[in-house]
Amino acid sequence: MFKRANKITSLLVVIAAVVSIVPSTITNASEKVEPPAVIANTSRQSGTYSIGWSKLADGAWNFYDATGTKITGNWVNFAGVWYYLKVDGTMAIGWYQILGKWYCFNQSGAMLSNTVIDGYKLNASGAWVE
């Protein structure tokens, strides 16, 4: 039972990665492109859980890995685009400080890099260059 569920989960993650289209180069911080909706729901003995992006009632986004665990306080590279999930699990949008460095995320949550936003230069890793 669990082997079959793991194979189905793995297949859903692969399909989601192929089907989801998220721009990999976004240079306009005001451009609004939403991440894909919930990628898949699957079930295990304890019930149904989400995999991928899930939009909350207030418009914020969470991301759930292949086991259904909500990612918090960490980076996620999804379809070649970097996102940061804050400690509460919601996607960072706008300017956000991570480990002493400032990063800028557009309205879709995609990290911006190799660009200038409001006079602030962002390097290839997305960090603000002082």
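Just so you know, these numbers come straight off a predicted model, no measurement behind them.

Each helix and strand in the protein was counted, giving one helix and 10 strands. Reading the protein from its N end, one meets helices and strands in the order α-β-β-β-β-β-β-β-β-β-β. Counting every position in the protein, which comprises 130 residues, the buried fraction comes to 36%. Considering only intrachain contacts with a sequence separation of at least 6, the fraction spanning at least 24 residues in the protein is 35%. Within the structure as shown, the protein displays about 7,800 Å² of accessible surface, and the carbon and sulfur contribution to it stands at 54%.

One pass over the structure, following the stated rule, counts 12 aromatic pairs. The interplanar angle of 85° and the centroid separation of 6.2 Å between the aromatic rings of Trp 75 and Trp 82 together place this pair among those described as edge-to-face. With a relative accessible area of 26%, Trp 75 lands in the partly exposed category. Classification of Trp 82 as partly exposed rests on a relative accessible area of 39%. Joined through ring pairs, the aromatic side chains of Trp 75, Trp 82, Tyr 84, Tyr 96, Tyr 103 and Phe 105 make up one cluster.

Let us now look at a nonpolar patch on the surface. Residues Trp 95, Trp 102 and Tyr 120 make up a contiguous nonpolar surface patch of about 290 Å² in total accessible area. Looking at where Trp 102 falls in the secondary structure, it is placed in strand 7 (residues 101-105).

Taken in spatial order, the three strands line up as 8-9-10 in an open sheet, and their pairing is antiparallel. Pairing within the sheet leaves two strands with one partner each, and these edge strands are strand 8 (115-117) and strand 10 (128-129).

With that out of the way, let us pick up the pairing of strand 4 (residues 74-78). Inspection of the sheet shows strand 4 paired to strand 5 (residues 81-85) by five bridges, in the antiparallel sense. Bridging from a neighbouring strand, Phe 78 pairs with Val 81 of strand 5.

Per-residue confidence for the protein averages 75 on the pLDDT scale, and 64% of its residues sit at or above 70. Under a pLDDT of 50 for its full length, residues 1-34 has, in the predicted model, 44 contacts with residues more than four places off or in other chains. Throughout residues 36-45 the model reports pLDDT below 50, and contacts reaching past four residues in sequence, or to other chains, amount to 38 contacts.

This brings us to unusual backbone geometry. One non-glycine residue, Leu 99, lies in positive phi territory at about 50°. Mapping Leu 99 onto the fold places it in the loop between strand 6 (94-98) and strand 7. A positive phi angle, close to 50°, is found at Asp 118, a residue other than glycine. By the secondary structure assignment, Asp 118 is in the loop between strand 8 and strand 9 (120-122).

In this section: the side chain of Asn 106. Position of Asn 106 relative to the elements: it lies in the loop between strand 7 and strand 8. At 2.7 Å, the side chain of Asn 106 and the side chain of Ser 108 are in polar contact.

Quick notes on the rules
Residues numbered from 1 in each chain as written. Predicted model: local features only at pLDDT ≥ 70, side-chain atom pairs only at ≥ 80, totals over all residues. Heavy atoms only, no water. Helix = DSSP H or I, 4+ residues; strand = E, 2+ residues; numbered from the N terminus. Buried < 20%, exposed > 50% of the residue type's maximum accessible area, 1.4 Å probe, protein only. Contact = heavy atoms within 4.5 Å. Areas by Shrake-Rupley, 256 points an atom, 1.4 Å probe, with all protein chains shown as cover. Phe/Tyr/Trp six-rings, centres within 6.5 Å; stacked < 30°, edge-to-face > 60°. Patch = residues over 30% accessible without salt bridge, like charges linked within 9 Å, V, L, I, M, F, W, Y side chains within 5 Å. Salt bridge = Lys/Arg side-chain N within 4 Å of Asp/Glu carboxyl O. Pairing = 2+ DSSP bridges. pLDDT = per-residue confidence, 0-100. Polar contact = N/O pair within 3.5 Å; in protein donor to acceptor, adjacent residues only side chain to side chain.

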